[in-house]
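Each chain, written out:
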Amino acid sequence: MIDLTIADDVAHITLNAPAKLNSLDEQALRDLGAAYDEAERAGVRALVLRGEGRAFCAGRDISGVDPRDDDVIGYLGGLVTPLLQRMARFPAPTFAAAHGACLGVGLGLLVATDVVYVAESAKIGSPFAALGATLDSGGHALFLDRLGAHKTLDLIYTGRLMTGAEAVTSGLFSRVFPDDQVIEAATDAAAVAARGATAAFLASKHLIARIRDERLTLWDAVGIENAAQAALCDTDDYREGFAAFQEKRKPVFRGV
């Protein structure tokens, strides 16, 4: 089950199937995508994703899957990949609070989120050695980029799972918190972002994606930064930020 609530311009999406560690079947993936669509239509200025119970998301729900006729391409290529792309393109800052198992598709959900706070209990890695399968949902790209080939293949070959603290120290995610504080931390951060200059935040989100995807050089990146800054000069928030600084008061941003 996927729950969505919206309050104070922040969408809160909860993976709410704790009995199966929030593992995702095909319908759950569709429902999660629909929740992101609804949040976008509502015009929220930030979003928080979390899991209910003992885990964030243990990956794919394979309880009813027959490996002899498993449509892997239909599940991964037809459902998972479009969902992750949709999440990554969400037009507002996104945050995740991750605890317990963050595996397979669950790891992919974190890859597709802007800022990830993990609990000390988080378990991150590739559990597929025991299944005769391979890491998916963007895991190879994330690990190779942050850990290098040797550590990535060590995790894959051994099935060892990283703790939340180890994942943050390795540069996979942003910050680590005690289990009872991680959801509050992500929620507070989203609330701060929602009150901020979200048009400028979205420009940075697009810049980072383009610099990464196109592997731009430093000076190419500087060039598109300049263009983004020039475009922001026409926004109300840009003018409000300058006026507030000059008038020595706190700015009131509206995201436009």
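No experiment lies behind these values; they were computed from the predicted model shown. All chains use their own residue numbering, which begins from 1 and follows the written sequence. Confidence filtering applies because this is a predicted model: local features only for residues at pLDDT of at least 70, side-chain atom pairs given and counted only at 80 or more, and all residues used for totals across whole chains, interfaces and linings. To obtain the side-chain values, all non-hydrogen atoms of the structure were used and water was disregarded.

Q: In this structure, what is going on with the layout of surface pockets? I would like to understand it.
A: To find leftover empty space, a probe the size of one water molecule is rolled over the atoms. Put plainly, a pocket is an open set of points on a 1 Å grid over the protein atoms alone with protein on both sides within 12 Å along at least five of seven lines, a cavity is a set where a 1.4 Å probe fits but cannot get out, and a lining residue has an atom within 4 Å of a point. Grid points are joined across faces, edges and corners, and a volume is the space filled by probe spheres set on the points. Of the pockets and cavities examined, the largest pocket occupies roughly 1400 Å³. Lining the largest pocket are 35 residues, with Ala88, Val111, Ala112, Thr113 and Arg212 positioned closest to its centre. Helix and strand definitions follow DSSP, with helices as H or I runs of at least four residues and strands as E runs of at least two, each counted in order from the N terminus. Only α2 (72-88), α3 (105-111), β6 (115-119), α4 (139-147) and α8 (198-214) provide two or more residues apiece to the lining of the largest pocket. No other element matches α8, which puts seven residues into the lining of the largest pocket. Along the lines of polarity and charge, the residues of the lining of the largest pocket split into 19 nonpolar, eight polar and eight charged. Its boundaries defined by the atoms lining it, the second largest pocket holds a volume of some 470 Å³. What lines the second largest pocket is a set of 20 residues, among which Arg60, Ile62, Phe128, Leu131 and Ala133 lie closest to the centre. Of the residues forming the lining of the second largest pocket, the biggest block, three residues, is contributed by α2. Under this grouping Gly is polar, as are all residues other than the nonpolar Ala, Val, Leu, Ile, Met, Phe, Trp, Tyr, Cys and Pro and the charged Asp, Glu, Lys and Arg. Considering only residue class, the lining of the second largest pocket consists of 14 nonpolar, three polar and three charged.

Q: Whenever I open this one, the sheet that holds strand β7 (residues 123-125) confuses me. Can you help?
A: Hydrogen bonding along the main chain pairs the strands of a sheet, whether they run parallel or antiparallel. Here, any two strands with at least 2 DSSP bridges between them count as paired. Spatially, three strands are ordered β5-β7-β8 in an open sheet, and the strand pairing comes out mixed. Single-partner strands in this sheet number two, and they are β5 (101-103) and β8 (161-162). Pairing of β7 with β8, which is carried by two bridges, proceeds in the antiparallel orientation. Paired with Gly125 across the bridge in β8 is Leu161.

Q: Sorry if this is basic, but what is going on with empty space enclosed by the protein here?
A: Inspection of every chain in the model, using the stated rule, returns one cavity of 30 Å³ or more. Empty space within the largest cavity amounts to approximately 40 Å³. If you trace the largest cavity, you find it lined by Met1, Ile2, Leu15, Asn16, Ala17, Lys20, Asn22, Ser23, Leu24 and Ala28. Its residues assigned to classes, the lining of the largest cavity shows six nonpolar, three polar and one charged.

Q: Mind showing me how you'd approach the pattern of salt bridges here?
A: Opposite charge on two side chains permits pairing when their charged atoms draw close. Any carboxyl oxygen of Asp or Glu that lies within 4 Å of a side-chain nitrogen of Lys or Arg is treated as forming a salt bridge with it. Tallied over the full model, the rule gives 14 salt bridges. The shortest N-O distance in the salt bridge between Arg239 and Asp236 comes to 3.0 Å. Taken together, the residues Arg239 and Asp236, both in helix α10 (residues 236-246) and three residues apart, mark about one turn of the helix. Relative accessible area serves as the criterion here: at 42%, Arg239 is assigned to the partly exposed category. For the exposure calls, accessible area comes from a 1.4 Å probe over protein chains only, and a residue counts as buried if that area is under 20% of its type's maximum, exposed if over 50%, partly exposed in between.

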